Amino acid sequence: MNGNETARLVAAGLMIGLVASNLWGRRLNFSQTIRMMLIWTALFSGIYVLFLFRGEARAVWDRAKVDISGQQADASGHVLRIPMRSDGHFWAVGAVNGQRVDFLIDSGATTTALSASAARMAGIDATTSLQIPVDTANGTIMASPIRIGELAVGPIRQTDARATVSDASGDLNLLGMSFLSELKSWKVEGRTLILEQ
């Protein structure tokens, strides 16, 4: 028996002991005892499920905070501080030609990349553009080079910003080096990305 199995066995024993002592101290009849056992089982099961899915629950909580507050970062002047999300990435709520777009900030991406749906929503027609090969983490895809009239993330605004559009990227939108290299500075301090224009 390894350390993990021993810890699980001890935890299970403590839970059973807690329930048994509670039931014994109350001296309940049979139907009340069954009902209390079901309540305790549901309680421990709920706690266990929350523990198993704590990463997913944190990601949902992070997204809910962004949607409720409308702010994903602290901004002052032309400096934007973006906290790292629980998935280990930096996400920002931006605007493309005034339309809200959620971006993953990716310093490994050469250009800013829009999904086809985000481009359509922002009034960008990429169907007539020529297609060029673009290297991604998942291989080479074909994308249309475009220009964005106004790209904004918090107080940071860029006009005539270079980007690409591709159906192959799904719903993912990336802020790449074409955006970051136009800034005065960008850096990561601890779990915070700091952008300055």
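Residues numbered from 1 in each chain as written. Predicted model: local features only at pLDDT ≥ 70, side-chain atom pairs only at ≥ 80, totals over all residues. Heavy atoms only, no water.

### Remarks on the nonpolar core
Right, on to step 1. Core analysis: the biggest nonpolar cluster contains 29 residues, and Val-96, Ile-105, Leu-114, Ile-148, Phe-179 and Leu-195 have the highest contact counts within it.
Right, on to step 2. Looking at this core, the elements that each hand over two or more residues are β2 (79–83), β3 (91–96), β4 (99–105), α4 (116–121), β7 (139–153), β8 (156–166), α5 (177–180) and β11 (192–196).
Right, on to step 3. Each residue touching Ile-105, except ones within four places of it in the same chain, is listed here: Ile-82, Phe-90, Ala-92, Leu-175, Leu-180, Leu-193 and Leu-195. (Core = buried A, V, L, I, M, F, W, Y, C linked by side-chain atoms within 4.5 Å. Buried < 20%, exposed > 50% of the residue type's maximum accessible area, 1.4 Å probe, protein only. Helix = DSSP H or I, 4+ residues; strand = E, 2+ residues; numbered from the N terminus. Contact = heavy atoms within 4.5 Å.)

### A short note on unusual backbone geometry
Right, on to step 1. One non-glycine residue, Asn-97, lies in positive phi territory at about 50°.
Right, on to step 2. Structurally, the position occupied by Asn-97 is in the loop between β3 and β4.
Right, on to step 3. In this structure, Asp-160 takes a positive phi of about 50° despite not being glycine.
Right, on to step 4. Residue position: Asp-160 is located in strand β8.

### Concerning the pattern of salt bridges
Side-chain pairs of opposite charge can arise where the charged atoms are in close proximity.
Right, on to step 1. Evaluation of the coordinates by the stated rule reveals five salt bridges.
Right, on to step 2. Salt-bridge contacts for Asp-102 lead to Arg-100; the nearest nitrogen and oxygen are separated by 3.3 Å.
Right, on to step 3. On the accessibility criterion, Asp-102 (25% relative accessible area) is partly exposed.
Right, on to step 4. In this structure Arg-100 comes out as partly exposed when scored by relative accessible area, which is 40%.
Right, on to step 5. Here Lys-187 ties to Glu-189 by a salt bridge, and the two come within 3.3 Å at their closest N and O atoms.
Right, on to step 6. Given the relative accessible area of 43%, Glu-189 is considered partly exposed. (Salt bridge = Lys/Arg side-chain N within 4 Å of Asp/Glu carboxyl O.)

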